[in-house]
Amino acid sequence: MLVPAFSVAQIRRITHILYETAHTLRKAIQGDLVNKNEVDVLSWLNRSALESFGRGGLGYSFDALNSETNEFANAIQLFGPAFTDTAVFAPLVEHLNLGAAGFGSRIMGYIPIHAVKQLRYAVNSLRSHSVKVYNEKKAMITAKSGSMGNQPMNEDISDGILSKLIQANTKAKVEDRLEDDEIIAQMSTFIFAATDTTSAMMSRILHLLSEHPEVQERLRAEITDARGGQDIPYDQLVQLPYLDAVCKETLRMYPPVPIWFKQARRDVVVPLAFPIRDVNKKEQQQILIPKGTMVFIGIQASNRYKEVWGDDADEWNPDRWLSPLPTSVIDAHIPGLYSHLMSFFGGAKSCIGFKFAETEMKVILSVLLEKFRFSRSSKEIYWNLSFVTFPTVGKTNPKSQLPLVVKALAEN
Ligand code: HEM
């Protein structure tokens, strides 16, 4: 039901909204540069990802970029560190159904561990915002008029995924209808899945560009040339070769979700592209995965597998995408949704928002790089493993952030 809301046609239709958000972001960063030259890029990108998905996907503005700070965006940013620090409680969290505003959540409230409290706060914040957006949108659809958050609504954003869900649900037979709580839970999933991943990805790209100034200059030249002072239309934007290469190479080397997991719903025999030796040193061409087994899938490991990608698989080299990929990549038949990569996963349950994310990243880069130069700060940045990777200053710092030195290049 939601797939059409993420089609290329729909993404093309909402590209101007992504540009509006990118320009608001540009102005916000410019404002942040008064009296300082170092900016926490992660915080801004997190807020712009929230706003892009809010406006482009839900038809709702979270007003995430218009004030000094945004409490909701801050709460979402807590997920990464809180997940990592509570990993040991993961099975408990799942069984207590922390996401629901019920018994489980109250029990978690009694656990006197900072990271658990942060996780609970983030979950509650996500839920309460989802409830608010849902109620406003439902009332608006019922009344066939209303407002988009704090701003007037216009027609092309009124048919976001939430409207589609609500309208389809209203029309469904009573016995098929989703409970309000179910739709709200779906929204929470979407908001989290769209925000944390995309901001991690964007941050990683800017971090890499700050470490590879020659790549940054080359990319800026391509973008400035294509822009000619105006926003680049969707069809031209998605085809800019070097921009595409930088995005793909970053998604390959540094997928925001480096490991994912699935549970086998039945016994299954998996054939192996590359045989392995078992504990008895016997070569195995396939493995049996019994029903119920939790399987950890090495997304990043697949993206960097030397047998497939070549000896330089561990190097970040956007140029690899500018000539035909090695036959070993084509022949591997990686089941990934996107460019032989597992970054958005594959199969029926792959990431529904990959086109949205790709377009959003390109829009933001095209707007920011023309106006700013990004360089390393003197602080040591460390990328942490979690469901979604996140940067911190130093290894033990609990706060996710990415300080970069930002220089305005022209009149903004
Ligand atoms: C660079 C950005 C992104 C990355 C790397 C990413 C990656 C992923 C991955 C690996 C999955 C797991 C798929 C599976 O369980 O088989 C996933 C699921 C999902 N993604 Fe994305 N995603 C990104 C951006 C987005 C955006 C922008 C949206 C929405 C507009 C989105 C919506 C979703 C949803 C709804 C799911 C399903 C979650 C579930 O039911 O478990 N994602 N994504």
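Going by the structure above, here's the rest.
Read on for an overview of the structure.

What counts and what doesn't
Residues numbered from 1 in each chain as written. Predicted model: local features only at pLDDT ≥ 70, side-chain atom pairs only at ≥ 80, totals over all residues. Heavy atoms only, no water. Helix = DSSP H or I, 4+ residues; strand = E, 2+ residues; numbered from the N terminus. Phe/Tyr/Trp six-rings, centres within 6.5 Å; stacked < 30°, edge-to-face > 60°. Buried < 20%, exposed > 50% of the residue type's maximum accessible area, 1.4 Å probe, protein only. Lys NZ or Arg CZ within 6 Å of the ring centre and 35° of its normal. Salt bridge = Lys/Arg side-chain N within 4 Å of Asp/Glu carboxyl O. Expected span 1.5 Å × (residues − 1). Near = heavy atom within 4 Å. Polar contact = N/O pair within 3.5 Å; in protein donor to acceptor, adjacent residues only side chain to side chain. Nonpolar A, V, L, I, M, F, W, Y, C, P; charged D, E, K, R; others polar. Pairing = 2+ DSSP bridges. Axes fitted to C-alpha atoms, helices over the stretch in contact; angles between N-to-C directions. Donors = N, O, S within 2.8 Å, 3.2 Å for Na, K, Ca; no water. Contact = heavy atoms within 4.5 Å.

1. Let's talk about the environment of Arg26
So, point 1. Counting through the fold element by element, Arg26 comes out in helix α1 (residues 8-32).
So, point 2. Expressed as a C-alpha distance, the spacing of Arg26 and Gln118, which sit 92 residues apart in the sequence, is 30 Å.

2. Remarks on the packing of aromatic side chains
So, point 1. The final tally for this structure, using the stated rule, is 16 aromatic pairs.
So, point 2. Summarising the aromatic geometry, the rings of Trp309 and Trp321 are spaced 5.7 Å apart at their centres and angled 55 degrees between planes, so their arrangement reads as tilted. One end of the pair, Trp309, is in helix α14 (residues 306-309); the other, Trp321, is in the loop between α14 and α15 (327-332), and 12 residues separate them in sequence. Both residues of the pair, Trp309 and Trp321, belong to the buried class.
So, point 3. Pairing Tyr338 with Phe344 gives two aromatic rings, centres 5.3 Å apart and planes at 85 degrees, and the pair type is edge-to-face. Comparing Tyr338 with Phe344, the two get one shared label, buried.
So, point 4. Aromatic ring contacts, followed pair by pair, group Phe6, Phe53, Phe190 and Phe356 into a single cluster.
So, point 5. Above the ring of Tyr242, the side-chain terminus of Arg218 is found at 3.9 Å from the ring centroid.
So, point 6. Above the plane of the ring of Tyr254 lies Arg304, whose end atom (NZ or CZ) is 5.3 Å from the centre.

3. Some remarks on the pattern of salt bridges
So, point 1. Taken as a whole, this structure holds 22 salt bridges when the rule is applied.
So, point 2. Note that Asp235 and Arg12 form a salt bridge whose closest N and O atoms lie 3.0 Å from each other. On the criterion of sequence distance, the pair formed by Asp235 in helix α11 (residues 234-237) and Arg12 in helix α1 is long-range, its members being 223 residues apart.
So, point 3. The exposure class assigned to Asp235 is partly exposed, which follows from its relative accessible area of 39%.
So, point 4. Of the charged contacts, one joins Asp314 and Lys306 as a salt bridge, the two residues approaching to 3.6 Å between their closest N and O atoms.
So, point 5. Among the residues examined, Lys306 registers a relative accessible area of 42% and is labelled partly exposed.
So, point 6. Salt bridges linked by common partners bring Asp244, Lys248, Lys355, Glu358 and Lys362 together as one network.

4. Re unusual backbone geometry
So, point 1. Despite not being glycine, Asp63 shows a phi value in the positive range, around 55 degrees.
So, point 2. With respect to the element layout, Asp63 can be found in the loop between α2 (41-58) and α3 (71-77).
So, point 3. With a phi close to 50 degrees, His333 is a non-glycine residue in the positive phi region.
So, point 4. By the element assignment, His333 lies in the loop between α15 and α16 (354-371).

5. Let's talk about helix α12 (residues 241-253)
So, point 1. For α12, which comprises 13 residues, the first-to-last C-alpha distance of 18 Å matches the rise-based estimate of 18 Å (1.5 Å per residue) to within 8%.
So, point 2. The element α12 is largely enclosed, with a buried count of 12 among its 13 residues.
So, point 3. Tyr242, Leu243, Asp244, Ala245, Val246, Cys247, Lys248, Glu249, Thr250, Leu251, Arg252 and Met253 are the residues of α12 that are buried.

6. Describing the site of the ligand
So, point 1. Taken together, 21 residues lie around the ligand, and Trp260, Lys262, Phe345, Lys349 and Cys351 are the ones closest in.
So, point 2. The separation between an oxygen atom of the ligand and a polar side-chain atom of Trp260 is 2.8 Å.
So, point 3. Between the ligand and Lys349 there is a distance of 2.6 Å, counted from an oxygen atom to a backbone nitrogen or oxygen.
So, point 4. Within the residue set of the shell around the ligand, elements represented by two or more residues are α9 (180-211), β4 (259-263) and α16.
So, point 5. Residue contributions to the shell around the ligand peak at seven residues, all from α9.
So, point 6. When its residues are assigned to classes, the shell around the ligand shows 14 nonpolar, five polar and two charged.

7. A word on the sheet that holds strand β1 (residues 38-40)
So, point 1. Strand order in the open sheet formed by three strands is β1-β11-β8, with antiparallel pairing between adjacent strands. The outermost strands of the open sheet, each flanked by one partner alone, are β1 and β8 (372-376). When strand polarity is set aside, the average angle formed by the axes of neighbouring strands in this sheet is 45 degrees.
So, point 2. Of the strand pairs in this sheet, β8 and strand β11 (residues 403-408) are connected by five bridges, and their pairing is antiparallel. Bridge pairing in β11 links Phe372 to Ala408.

8. Side note on the coordination of the iron atom of the ligand
So, point 1. There is one protein donor for the iron atom of the ligand, and it is Cys351 (SG), at 2.3 Å.
So, point 2. Inspection of the secondary structure assignment puts Cys351 in the loop between α15 and α16.

9. Concerning the environment of Glu51
So, point 1. Looking at where Glu51 falls in the secondary structure, it is placed in helix α2.
So, point 2. Distance from Glu51 to Ala22, taken between C-alpha atoms, is 9.6 Å for residues 29 residues apart in sequence.
So, point 3. With sequence-adjacent residues up to four places away left out, Glu51 is seen in contact with Thr21, Gly56, Ser61, Phe62, Asp63, Ala64 and Leu65.
So, point 4. Among the polar contacts made by the side chain of Glu51, one reaches the main-chain amide nitrogen of Ala64 at a distance of 3.2 Å.

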